[in-house]
Amino acid sequence: MLSHLLPTYARAELAFERGEGVWLTATTGERYLDFSSGVAVNVLGHAHPVLVEALTDQAHKLWHVSNLFQMPEAEKLAKRLCSASFADVVFFANSGAEAMEAAIKTARKFHAANGQPERVGIITFEGAFHGRTLATLAAGGQQKYLEGFGPVAGGFTQVAFGDLDAVKKAITPETAAIIMEPVQGEGGVRVVPGEFMRAMRELCDEHGLMLVFDEVQTGLGRTGELFGYQRSGISPDIMALAKALGGGFPIGACLATSEAAKGMTVGTHGSTFGGNPLATRVGNAVLDVVLAPGFLDHSRKMALLLKQRLAELKDRHASIISEVRGEGLLIGLRSVVPNGDLVAACRAEKLLTVAAGDNVVRLLPPLIISEDDIAEAIGMIDRACTRLTAHQPSANKVAS
Ligand SMILES: *Cc1c(COP(=O)(O)O)cnc(C)c1O
């Protein structure tokens, strides 16, 4: 197909024209069960009535005014995010990478405001993903994404995932911050133990470092808690949110304590669209649903059920799935066959999933899934595995 879109994505030959709840309808009329949520974005599924109502009502009133004026919807969303988290202040952006850029700038500016502008160093972890801007690419440290784009933004040091000693060794008088995802999403659904998060908090306190959590993928209930850091008992100084925050409407946010944000004074940062009335109105509507009593309980219950059923599948299809891991409804199936084959086999069964690093297939259903949706998905993955087993060399076949 001749396309005028820049060919930076390997797109499936599939387009959708509408969605409802957990289901998508393709242009061919076929229905697909969406366990990808647009990569952890559609936290309330598709066309959720509360979000549709908020967006259409706002569309009739006001779309954009800029940050030259007061922003009541943004004020409201910021206040609610702060009262639900460790944070005191919020900067609104339009994507995850931008939220992370704001987080990096906030962390460095904190030290500059303290009279230590030399403290710019940032420690990150192998397998991390923080976005595709030049600074967030440097933070992620993935060679394949950095190649050919000129000098790599300086100040980033990467250590092995979960290696406490390596972090200690990497800290110098010039270190400003440690950045981590509570569960590495793109990196292959690698869960950071609560104990390791607490160790990072202690190190940051000991050395005066900012602890920055990238919760762009884990935030807003994905892991079963509202925020991924909450299972550790500690809190970061700075946190980035995006994907689920708008339920599909583009928005990003950088949250911080007032102490951590002390350097971010008038004129230090900005975004034309940041805090846009449409985006923040929808963000408030997402919170209306996600913060309602029982919502997260439901998603935790569904996560438990899904994980149990997946564990059974893993046992029956050991030649295809070697591990089920993750937190809440951020679930990874470690694949024995190339993960792209398993994603394709699931898609052939009309189930949408997302590939990740470490040969993992991610299951990221909307948090509103039901027991029936789970039963359908399990049947589809079961058939996908059977389909793949039939194409495997017989030596790898495992009796069911
Ligand atoms: C998706 C993601 C980003 C980047 O978000 P964009 O909106 O694509 O810029 C950053 N960090 C994490 C952990 C992500 O999952």
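Keep in mind the model is a prediction, meaning the values are calculated, not measured.

Draft legend 1. Quick look at the environment of I123. Take I123: it is sitting in strand β5 (residues 121-125). Between the C-alpha atom of I123 and that of M180, which follows or precedes it by 57 residues, the distance is 8.6 Å. Once you skip the residues sitting within four places of it in the chain, I123 turns out to touch T157, V159, V167, A170, I171, T175, A177, I178 and I179.

Draft legend 2. Quick peek at the sheet that holds strand β1 (residues 16-20). Ordered by their spatial adjacency, 4 strands build an open sheet running β1-β2-β3-β15, and the pairing between neighbours is mixed. Edge strands, defined here as strands with exactly one partner in the open sheet, are β1 and β15 (351-352). In the sheet, strand β2 (residues 23-26) pairs with strand β3 (residues 31-34) via 3 bridges, with the strands oriented antiparallel. By the bridge assignment, T25 is partnered in β3 with R31.

Draft legend 3. Main features of the UniProt feature "binding site: pyridoxal 5'-phosphate" (unreviewed entry) in the protein. According to UniProt, the feature "binding site: pyridoxal 5'-phosphate" (unreviewed entry) maps to G96, A97, F129, D214, E215, V216, Q217 and T272 in the numbering used here. Their sequence span is 177 residues, while the largest C-alpha to C-alpha distance among them is 25.1 Å; these annotated residues do not converge on one region. Position of E215 among the secondary structure elements: in the loop between β10 (210-214) and β11 (238-241). The buried category is assigned to E215, whose relative accessible area is 1%. Sequence-distant contacts of E215, defined by excluding residues within four places in its chain, comprise P182, F227, G228, Y229, M239, A240 and L241.

Draft legend 4. Broad picture of the sheet that holds strand β13 (residues 321-327). Read from one edge of the open sheet, 4 strands run β13-β14-β17-β16, paired in antiparallel fashion. Unpaired on one side and paired on the other, β13 and β16 (354-356) mark the two borders of the sheet. For this sheet, the mean inter-axis angle between neighbouring strands, taken without regard to orientation, is 30°. Summarising the sheet, β16 and strand β17 (residues 360-363) pair through 3 bridges and their orientation is antiparallel. Opposite A356, over in β17, you have V360 as the bridge partner. Along the sheet, helix α10 (residues 295-316) makes contact with β13, β14 (330-335) and β17, crossing β13 at roughly 165°.

Draft legend 5. Region of the structure containing unusual backbone geometry. In this structure, A47 is a non-glycine residue whose phi angle is positive, near 55°. With respect to the helices, strands and loops of the structure, A47 is situated in the loop between α1 (37-40) and α2 (49-61). Phi at V189 takes a positive value of approximately 50°, unusual for a residue other than glycine. In this fold, V189 is placed in the loop between β8 (183-184) and β9 (190-191). What makes V189 buried here is its relative accessible area of 0%.

Draft legend 6. Up close: the site of the ligand. Around the ligand, the neighbouring residues are S95, G96, A97, F129, H130, G131, E181, D214, V216, Q217 and K243. Contact distances for the ligand include 3.2 Å between a nitrogen atom and a backbone N or O atom of F129. In this structure, an oxygen atom belonging to the ligand sits 2.8 Å away from a side-chain N or O atom of Q217. Relative to its unbound accessible surface of 380 Å², the ligand loses 81% to contact with the protein. Of the residues in the shell around the ligand, the class split is 3 nonpolar, 5 polar and 3 charged.

Draft legend 7. View of the layout of surface pockets. Of the volumes computed, that of the second largest pocket is approximately 680 Å³. Of all the elements in the fold, those that place two or more residues in the lining of the second largest pocket are α3 (72-83), β4 (89-93), α4 (96-113) and β12 (252-256). Looking at the lining of the second largest pocket, its residues break down into 14 nonpolar, 11 polar and 1 charged.

Draft legend 8. Looking closely at the domain arrangement of the protein. Here the domain parsing of the protein yields domain 1 (16-34 + 294-396) and domain 2 (50-290). Between domain 1 and domain 2, the C-alpha centre-to-centre distance is 28 Å. Taken together, the contacts link 21 residues of domain 1 with 20 residues of domain 2. In total, domain 1 and domain 2 occlude about 1,600 Å² of area from one another, counting both sides; carbon and sulfur atoms represent 59% of this. The interface formed by domain 1 and domain 2 holds 2 salt bridges in total. One salt bridge in this structure joins E186 and R362, with 3.0 Å as the shortest N-O distance. Applying the counting criterion to the domain 1 and domain 2 interface returns 9 residue pairs in polar contact (both at pLDDT 80 or more). Mapped by element, the contributors of at least two residues to the side of domain 1 that touches domain 2 are α10, β13, β14 and β17. Tallying contributions element by element places α10 first for the side of domain 1 that touches domain 2, with 4 residues. Taken together, the residues that form the side of domain 1 that touches domain 2 break down as 11 nonpolar, 5 polar and 5 charged.

Each value, and the rule that gives it
Residues numbered from 1 in each chain as written. Predicted model: local features only at pLDDT ≥ 70, side-chain atom pairs only at ≥ 80, totals over all residues. Heavy atoms only, no water. Helix = DSSP H or I, 4+ residues; strand = E, 2+ residues; numbered from the N terminus. Contact = heavy atoms within 4.5 Å. Pairing = 2+ DSSP bridges. UniProt positions renumbered as here; feature names shortened; annotations may be inferred. Buried < 20%, exposed > 50% of the residue type's maximum accessible area, 1.4 Å probe, protein only. Axes fitted to C-alpha atoms, helices over the stretch in contact; angles between N-to-C directions. Near = heavy atom within 4 Å. Polar contact = N/O pair within 3.5 Å; in protein donor to acceptor, adjacent residues only side chain to side chain. Areas by Shrake-Rupley, 256 points an atom, 1.4 Å probe, with all protein chains shown as cover. Nonpolar A, V, L, I, M, F, W, Y, C, P; charged D, E, K, R; others polar. 1 Å grid on protein atoms, 1.4 Å probe; cavity = no way out; pocket = protein on both sides within 12 Å on 5 of 7 lines; lining within 4 Å. Points joined across faces, edges and corners; volume = space filled by probe spheres on them. Domains from an automatic or database assignment. Buried area = accessible area lost by both parts, 1.4 Å probe. Salt bridge = Lys/Arg side-chain N within 4 Å of Asp/Glu carboxyl O.

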